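Coordinate inspection notes
In case you want the letters, here they are:
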Amino acid sequence: MDEIRDGIDQIDCDILIIGGGTAGPMAALKAKKKNPKANIILLDKANVKRSGAICMGMDGLNNSVIPGYATPEQYTKEITVANDGICDQAAVYRYAQECYGIIQELDSFGIRFQKDQNGEYDVKKVHHIGTYVLPMPNGDTVKKALYRQLRKARINIINRYMATRLLTGEGRVAGAICVNTRSAEFLVVRAKAVIMGLGAAGRLGLPTSGYLYGTYENASNSGEGYAMAYHAGAGLANLECYQINPLIKDYNGPACAYVAGPMGGYTANARGERFIECDYWSGQMMQEFFDELQGGKGPVYLKLNHLAEETVAEIERVLHIVERPTRGHFHRGRGTDYRKQMIEMHISEIGFCSGHSASGVFVDEHARTTIPGLYAAGDMANVPHNYMLGAFTHGAFAGEDAADYVAEMDFAAFDQADIEAERTRVLAPTKREDGIPPNQIEYKTRRLVNDYLQPPKVTAKMHLAQKRFAEVREDMENAMYVRDAHELMRALEASSILDCADMAAAASLYRTESRWGLYHNRVEYERDDENWFCHTILTKGDDGMPASRKQDVKPYVVDIAEDEKDAYAKQRVKPSVAAE
Amino acid sequence: MPLAQTATTVPVVVNDDLCIADKGCTVCVDVCPLDVLRIAETAEGSKTAYMKYDECWYCMPCEADCPTGAVTVNLPYLLK
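Residues numbered from 1 in each chain as written. Chains lettered and ligands numbered in written order. Predicted model: local features only at pLDDT ≥ 70, side-chain atom pairs only at ≥ 80, totals over all residues. Heavy atoms only, no water.

Attention now goes to the UniProt feature "domain: FAD-dependent oxidoreductase 2 FAD-binding" (unreviewed entry) in chain A. Those residues carrying the UniProt feature "domain: FAD-dependent oxidoreductase 2 FAD-binding" (unreviewed entry) are residues 14–382 of chain A in this numbering. Along residues 14–382 of chain A one finds 27% helix and 18% strand; the C-alpha atoms at either end are 25 Å apart. (UniProt positions renumbered as here; feature names shortened; annotations may be inferred. Helix = DSSP H or I, 4+ residues; strand = E, 2+ residues; numbered from the N terminus.)

Next up on the list: empty space enclosed by the protein. All names here are of chain A. Inspection of the entire model under this criterion finds eight cavities of 30 Å³ or more. There is about 690 Å³ of room inside the largest cavity. Lining the largest cavity are 48 residues, and of these Ala53, Ile54, Glu217, Asn221 and Asp379 lie nearest its centre. Of all the elements in the fold, those that place two or more residues in the lining of the largest cavity are β3 (60–61), β6 (161–169), α6 (257–260) and α10 (387–407). (1 Å grid on protein atoms, 1.4 Å probe; cavity = no way out; pocket = protein on both sides within 12 Å on 5 of 7 lines; lining within 4 Å. Points joined across faces, edges and corners; volume = space filled by probe spheres on them.)

Moving on: the environment of A:Glu185. All names here are of chain A. Mapping Glu185 onto the fold places it in the loop between β7 (172–180) and β8 (186–196). Note: C-alpha distance between Glu185 and Arg5 (180 residues apart in sequence) is 6.0 Å. The contact partners of Glu185, leaving out residues within four places of it in the chain, are Arg5, Asp6, Gly7, Tyr161, Cys178, Val179 and Asn180. There is a polar contact of 2.6 Å between the side chain of Glu185 and the side chain of Ser183. (Contact = heavy atoms within 4.5 Å. Polar contact = N/O pair within 3.5 Å; in protein donor to acceptor, adjacent residues only side chain to side chain.)

A word on the domain arrangement of chain A. All names here are of chain A. Looking at chain A, the domain boundaries give domain 1 (246–347) and domain 2 (416–552). Placing the centre of domain 1 and that of domain 2 at their C-alpha centroids yields a distance of 32 Å. Residue-level contacts link eight residues of domain 1 with seven residues of domain 2. Of the roughly 560 Å² buried between domain 1 and domain 2, counting both surfaces, carbon and sulfur atoms make up 66%. Its largest share of buried area at the contact with domain 2, domain 1 owes to Gly283, Gln287 and Phe290, together 61% of the area lost on that side. On the surface where domain 1 and domain 2 come into contact, there are zero salt bridges. Inspection of the region where domain 1 meets domain 2 yields three residue pairs in polar contact (both at pLDDT 80 or more). Ranked by the residues each element gives to the side of domain 1 that touches domain 2, the list is headed by helix α7 (residues 283–294), at five residues. Taken together, the residues of the side of domain 1 that touches domain 2 sort by class into four nonpolar, four polar and no charged. (Domains from an automatic or database assignment. Buried area = accessible area lost by both parts, 1.4 Å probe. Salt bridge = Lys/Arg side-chain N within 4 Å of Asp/Glu carboxyl O. Nonpolar A, V, L, I, M, F, W, Y, C, P; charged D, E, K, R; others polar.)

Spelled out as structure tokens, the structure:
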């Protein structure tokens, strides 16, 4: 295994789905259901059984809109406000209307959600305004349940192939070029439609531990979706709205205030005092977190040590089996007992992820990107604050729309020279006698991301970032060296990461205002609704460099009153309350 | 530029006595999202899984899915 072999195959399908984590499997199931004759391929760089952000499960639905607890209008309003107004509401509103059906479908797959004594969904309040959090105390079963459905529906699964570039022709998508991660053999997949569900760009900033894979996101989510969409000419929206999360220091996993909050846990400063009213993750909340640290009141902690034994035991049980179960090992190693000590938190490195913020490939309410036949769903598509249920639901939209699209389409012709060019690019690091290994290219890129792009954002630093990135790119293109197919996968990931770093700098420089709290805090600029109440769309320019333009926010479907607009700006606990 | 041989300690540990790679099992290798595990063959011809690449997200499918409980996921030293 891992030795580099020369080879290339070509296969055809109606719908190619890249990424078998969350959105991808649901897209496959829905497409197959709507168009049983369609030939569908679900392709993953890892193994669909355990790939993606939820490889070990998930502890809850953070954004369920369940009749009796919340309305689609209320949810749409909340997310619009939480995302500082920059939101094409149609995609959020459709999600809010249809996600309940998806929950019921997941339930029928055998995925368990918390129910009360009457058998009703037991929804909790974590957000500022509405009630949307549905716990999954047995959420470790998600991937297995999904996999069973994929087998039942006879979806063709191809594991351990990494898509590296999309093929386009006749103004639409034509397929993808893929490389085997254990042999470096190529697979060209011709497809009438392509659905991308490749997750976040989670390996962009460098964790403070210095460990390249010690990321919040599954470290295999290295931004290929963003890079491939960019090189294919798709538009990417609001990339400057970074993902930055409040995490357990060093462990870099979520502290899970969404799990602990409804049971009485909360985010506190070093004095054990609450300083934010709402633990829901938003740019404004992260700004308060940052200010607390700057004000000398840190570190910031998750506080559980005031809770009753049985409450702590239940929190522990859930957090130590679901999503990031090594959390238990971590706390044991540090001697942290939730009953006695608070859990030290910190501010994460940056990434792109719409699951938590709004940085993603631009899509509409059908999950269509700006390229006909190309869809995106989940963390990499720009529907804000979309989380796991958003990935499932928009994955479903993509699958259904693609099933209709391919019924009327034939394969688009593409230029064979594109395949040769991509083979040359991919294999270049295998043709050298020695050089720089991919881990060093990646480390340097990500260290520079931390040095120059981590907010607060400063213009001069971002210009320096661009200069340094160009130097690393020259090294990457001319001197990167790999010894086997596994290292080649890392080399390709390093290339995606560098593309994302360039996009992050360009997008952040373009928006000359501050917005989204810490996510886009440009210290030289105030918020400027007059000039910047708009999306920014980044595409690959004619010169091969990122180009940005403004795009209007579509008229709201759900009106927001003037006095509701700043609900998320009022996060800080008032001094009188804090002193109690 | 020649490459160095810098040592690094790895977080995933496999108990050789419990590992059944000899019988053809590759579950941990198959499920790893980062694809960091491989099967090693000793001089005597016996097989066991091991962590070949220090690129671990400490996520735990290898430990959870191992049919004999042979795999333990520790925290990478840099962050533990």
